[in-house]
Every structure is written in C-alpha cells, then in structure tokens.
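Close look at the chain arrangement
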Amino acid sequence: MKHINDEKINKLINAPQCSREEFDLIIEKAKKLQRLTTEESAKLLNIKDKNLTDIIFRTAEDVKNTIYGKRVVLFVPLYISNICANDCIYCSFCKTNKTTIRKKLSIDEIKEQTRILLERGHKRILLVAAEEANEDSNINYYVDAVKAVYSVSVGTNRIKRVNFNCAPLSIENFKKLKASGIGTFQIFQETYHDATYRKLHRSGPKTDPDNRLDAIDRAFKAGIDDVGIGPLYGLYNYKFETLAMFEHIAYLEKEFGLGPHTISVPRLEPTYGSEFIQDKENIIPDEEFKKMVAVIRLSVPYTGIIMSTRESAHMRNELLNLGVSQISAESRVSPGGYERSDDHNAIPNVQFMLSDQRTIEEVIADLVKFGYIPSFCAACYRKERTGKVFMSIAKPGNIKEKCTINALITFKEYIEDFGNEELKKQGGILIEKKMAELNEYDREVVNHFFENIRKGNRDEFI
Ligand code: SAM
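Numbering of residues begins from 1 in every chain and follows the order in which that chain's sequence is written. At least 70 in pLDDT is required for a residue's local features to be given in this predicted model, at least 80 for side-chain atom pairs to be given and counted, and no such filter applies to totals for whole chains, interfaces and linings, which use all residues. Side-chain measures here rest on the full set of heavy atoms in the structure, leaving out hydrogens and waters.

1. So, the pattern of salt bridges
Quick reminder of the rule: Each reported salt bridge corresponds to a side-chain nitrogen of Lys or Arg within 4 Å of a carboxyl oxygen of Asp or Glu. Secondary structure elements are defined from DSSP: runs of H or I of at least 4 residues count as helices, runs of E of at least 2 residues count as strands, and each element is numbered from the N terminus.
Enumeration according to the criterion identifies 31 salt bridges in this entry. The shortest N-O distance in the salt bridge between K160 and D459 comes to 3.8 Å. Taken together, the residues span a long stretch of sequence, with K160 in the loop between β4 (157-158) and β5 (161-165) and D459 in the segment after α18 (440-454) at a distance of 299 residues. Where salt bridges share partners, they join R316, D356, R358, D366 and K369 into one cluster.

Encoded structure:
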C-alpha cells in the first residue's frame, strides 16, 4: 500500500523492549507535547513492563488535559443508507448479505431523524452512508442530506456541526461536500495491510486500498482541512495498524503540512449474516487496547481521539482517562434507527452490534461523575479555526481555554433545556468546581454567558 513500508513496520514490531533511558527520553518529549516518530511510538507500543505502562497511561492523561482540558465532546451517528455496492466481508451492509433489508432514507426521513435527535439534546451529528456504484448520485444525496440536517430546528435548538463518514470521492465531489457545510470528512482505512485489505474487500468500488488512502489527499486538495482517519481494529495485527497509521499521518504532515483532525479507534464488532470469522490472533486484549490508545495520544498529541459505542460503557469510561476526547452517545447503526427506543441489538438491519447502549442522559451522568464536562461545542468549525489554524492554536496547548469555556456554556444550556433534577444538582456542582479552577477573567466571561442563558439566549460561544 502507498506510503506504508511493511518491512520497516514489522521490524519495529518485533524489536525488543527499549532501555529505561530511551523510554524516559520519549516520555519527556511527549510531555512537551511534541509529535513522536513512528520509531519512538513503536518503542512505547512494545513496552510490557507494568510500571512503565502506568507511566504511559498517566502521561497520556496529562497530555490530553493539557491540550483539551477536562471536557469530552459528544456526537451521535445518523445512518442514512445501507444500500451498498461493496462486499466488505466483515460488515452487515455488504452487498452479498441477503438478510439485510435495504433502506435509503428520504430527505423527509432524514429531517425526522434529526428532529428526534434534537429533542434528546444532541447538537453534533455524524452522517454515515453506504456506497452505491454511481459516485455522482452518491454526492448529490450526501449534499442534500447535510442540508436537510442543518435545516431542522426544534425550539431554539439546531444541529451545529455535521460530520460525514462516507466513501472516497473525486476532488470535484469533495468540493461539493465541503460547500454543503460539513465539518469533518471521516474515512477509515479499515486495514493498512495491503494483502489483508484486498482479501476482505471482495468486490465493488472499495477494492483498491490506494484509492481509499488517497481520499484524504483529495479531501485536502478540495479544501476540506478537518479529516478523520483510523483503522478498523481487529482485521489485522493492531501494532501494525497503529504504526502504519502513524506513517500515513507522517506522509500527510510532510505533503500538506497538516495531519488528521481526529483519529478513531473502532474495534470490530459481531455482525448479522456475515460469514466473516475473525482471526483470533487479531483480537486485541483490553489492556493492550488501552495502551494503544494512550500511545496514539502521546504520538499525535494535538489530534482528537474518538471512541464510539462499539466499546462497552466500562471501557469507554476507562479510556477517557487515557486520551479520548470525543464520544458518541445512544447510537443506532441502522438507517432510521432512532424511531425505536427498544434494545438496539434487537433492531433488524443494524450494521454491527453495539456494546454501550446507555442513553445520552446516562452517558452525561457518567461523565459528570468522573469529573468531565460534557461538551456540545462546535465553535472552532464555526469560527473557521480548522485545519492549520486549529493546529497552530492546539499544538502549543492554547485551545484548552476555549474548549473549557465553550464546554461550560454548552453543558449549562443542556442542563437548562434537557437536564433532570439529579443532573441539575450534580451538573451544578461540577460547573462550580470547574469555574473555581478558571482565572478571574475567564470566570467573568463564563458568568456573562450563563446570564444570557438564563435570559433565554442559546448557542453562544467564543
Ligand atoms: N461507505 C462508507 C465508507 O466507504 O467508508 C461507510 C462505510 S461503513 C457504513 C462505516 C464504517 O463502519 C466502516 O468504515 C468500518 O470501519 C465500520 N465497520 C464495518 N463493519 C464493522 C463491524 N463489524 N464492526 C465495527 N465496525 C464496522
């Protein structure tokens, strides 16, 4: 695969554990928020010693808090279509799966799903679409879907940011997607291992791994400067995937002077009707998974890390401490899935089973319990702090102040509009605690916005 040297990566994976001296130097570099090389990251990934692993964990937590503060951004995926021309063997939407009932939401249905999500307090949507064979009809549908989501309002609430997880497009079509008003374009490489990629993607437009990798280049060239990447963990060796992703990022940084806005760490989940049997040696034990997330945080300190509801509530809570900065809540992974509020995994047509089925209220209550401010902020995107501008603020650790203030404002709005008595109480205590940690000027700024919220104003940010 382009930009990925298998031999180099295999050598790094099989190297013995580094010396304590080398380890300390890498950790010192990470503490200064400096980007680690693939070689340095590999040394951290190869650590087996429990005490050293604990140091990696603690440093990841510090780095995350230095860059973003103690806030976690919430989003929700909205699946709009499962009609797919691809045959990805591990996915329920693959075209050869005869048990999947195919559904492509109409524009009115997309608006209705958005309304349901707004009524529950959501403000950030990740649209997810399967890929039909005709790219031109795909892009027209994607653009109409984004516009439909932004057009809906429930009282004073609107969706503030629409991100999109979809198939690779041409530069021209990426420009259309950008013009529709998306925030991040997200695409998972699935696996960075060429032979595995070709084996698992049996037919359809997705068969060429280099075309998928190049999608990020084309998105950048089209002016989309917030991109989200990640492998689908579980298809191949996790260390290989992580180091290959670092190589991909190094290529992007060299070529475009810019890395990804977010990295996702999806782990493979069981599906319906798929004949795929996961290779046991590719299953990542939870402890290794935690270390891997912490190493990603240290290696690419300025990038958001996204954790979806593929992970259990317990795992997601643990990973918050290790560098995760965005999570989804009460996800449904089937088109039209938000009409039903019953057990997600009993709904026909889901793309894969979900491990965390908590409601948004429960997710928020847990975040508060662990001292994190739930955030619905989309300020950077709306103030055009994207791409290199965002990185120039985030890299030296200066985005934290804005993140914290905007998190407090958006959380206060959520409490006022959707919070039950318990959240009003616990959320109020958390807000007071976080306010006390602010400097006097910032505290005044937040108080000013809180006053506006009391007067009925919404959607203010800095
Ligand atoms: N058409 C888009 C594309 O080409 O990227 C979207 C594909 S799919 C709807 C979104 C993502 O779900 C995939 O990129 C894949 O990483 C993930 N996925 C597929 N099967 C999965 C499974 N069994 N468990 C967890 N995630 C899965």
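2. Side note on the side chain of S41
Rules: Only protein chains enter the calculation, and the probe is 1.4 Å; a residue is then buried if its accessible area is under 20% of its type maximum, exposed if over 50%, and partly exposed in between.
Topologically, S41 is positioned in helix α3 (residues 38-45). Take S41: its relative accessible area is 0%, and that puts it in the buried class.

3. Quick word on the nonpolar core
To keep it simple, the criterion reads: Only buried Ala, Val, Leu, Ile, Met, Phe, Trp, Tyr and Cys residues count toward a nonpolar core, and they belong to the same one when joined by side-chain atoms within 4.5 Å. Contact between two residues is taken to exist if any of their heavy atoms lie within 4.5 Å; hydrogens are not considered.
The biggest cluster of nonpolar side chains holds 136 residues, and the ones touching the most others in it are I80, L127, F164, L177 and F185. In terms of residue count, helix α10 (residues 238-256) provides more of this core than any other element does, 10 residues in total. Each residue touching F164, except ones within four places of it in the same chain, is listed here: I80, L126, L127, A129, Y142, V146, L177, I182, T184, F185 and Q186. Counting 18 residues, the second-largest nonpolar core is a separate cluster that includes F75, C91, L268 and L354.

4. Let's talk about the packing of aromatic side chains
Using the following cut-off: Two rings from Phe, Tyr or Trp (for Trp, the six-membered ring) form a pair when their centres are within 6.5 Å of each other. A pair whose planes differ by under 30 degrees is stacked, one over 60 is edge-to-face, and the rest are tilted. Note on geometry: a ring has a charge over it if NZ (lysine) or CZ (arginine) is within 6 Å of the ring centre and within 35 degrees of the ring normal.
Applying the stated criterion across every chain yields a total of 8 aromatic pairs. Taking 5.1 Å as the distance between ring centres and 55 degrees as the angle between the ring planes, the aromatic pair formed by F220 and F256 counts as tilted. Here F220 is found in helix α9 (residues 209-221), whereas its partner F256 is found in helix α10, with 36 residues between them in sequence. Judged by its relative accessible area of 18%, F256 falls in the buried class. Connected via pairs of aromatic rings, a cluster forms that spans F376, Y414 and F418. Here the guanidinium or amino end of K104 rests over the ring plane of Y141, the centre of that ring lying 4.5 Å away. Across from the ring centre of F289, 3.9 Å away, lies the NZ or CZ of R267, which sits over that ring.

5. Some remarks on the site of the ligand
As a reminder of what qualifies: Nearness is defined per residue: one heavy atom within 4 Å of the molecule or strand is enough. Counting of polar contacts relies on pairs of N or O atoms within 3.5 Å, with two restrictions inside protein: one atom must be capable of donating a hydrogen and the other of accepting it, and residues adjacent in sequence are counted only when both atoms are side-chain atoms. Throughout, the Shrake-Rupley method with a 1.4 Å probe supplies accessible areas, and for residues the shown protein chains are the sole cover considered. Gly counts as polar in this scheme, as do all residues outside two lists: the nonpolar Ala, Val, Leu, Ile, Met, Phe, Trp, Tyr, Cys and Pro, and the charged Asp, Glu, Lys and Arg.
Close contacts around the ligand come from 20 residues, with A129, E190, R212, E269 and R310 the closest. Between A129 and the ligand, the recorded distance is 2.9 Å, taken from a backbone N or O atom to a nitrogen atom. Relative to its free-state accessible area of 580 Å², the ligand is covered by the protein chains to the extent of 97%. Of the residues contributing to the shell around the ligand, the split by class is 11 nonpolar, 3 polar and 6 charged.

6. With respect to the pairing of strand β9 (residues 304-307)
Heads up, the rule is: For two strands to pair, DSSP has to find at least two bridges joining them. Call a crossover right-handed when, viewed with both strands pointing away from you, the route from the first strand across the helix to the second goes clockwise.
Neither face of β9 is exposed, since G304 and I306 on one face and I305 and M307 on the opposite face are all buried. Note that strand β8 (residues 262-264) and β9 share 3 bridges and pair parallel. Bridge assignment links S264 to a residue of β9, and that residue is I306. Once the chain exits β8 it traverses helix α11 (residues 286-299) before rejoining the sheet at β9, and the crossover so formed is right-handed. Alignment of β9 against strand β10 (residues 326-328), held across 2 bridges, turns out to be parallel. The partner of M307 across the bridge, within β10, is I327.

7. Here's the deal with the environment of C18
Take C18: it is sitting in the loop between α1 (6-13) and α2 (20-31). C18 gets classed as buried once you look at its relative accessible area, which sits at 11%. Spatially, the C-alpha atom of C18 lies 9.7 Å from that of E40, the residues being 22 residues apart in sequence. Once residues lying within four places of it in the same chain are set aside, the contact partners of C18 are F23, K43 and I47.

8. Section: helix α15 (residues 387-394)
Selection criterion: Read the arc as the range of directions from the helix axis to the C-beta atoms.
Among all positions of α15, only G387, F390, M391, I393 and A394 are buried. Down the axis of α15, the buried set is contained in an arc of 165 degrees. They therefore lie on one face. Contacts made by the buried residues of α15 are with α4 (50-68) and α14 (379-382).

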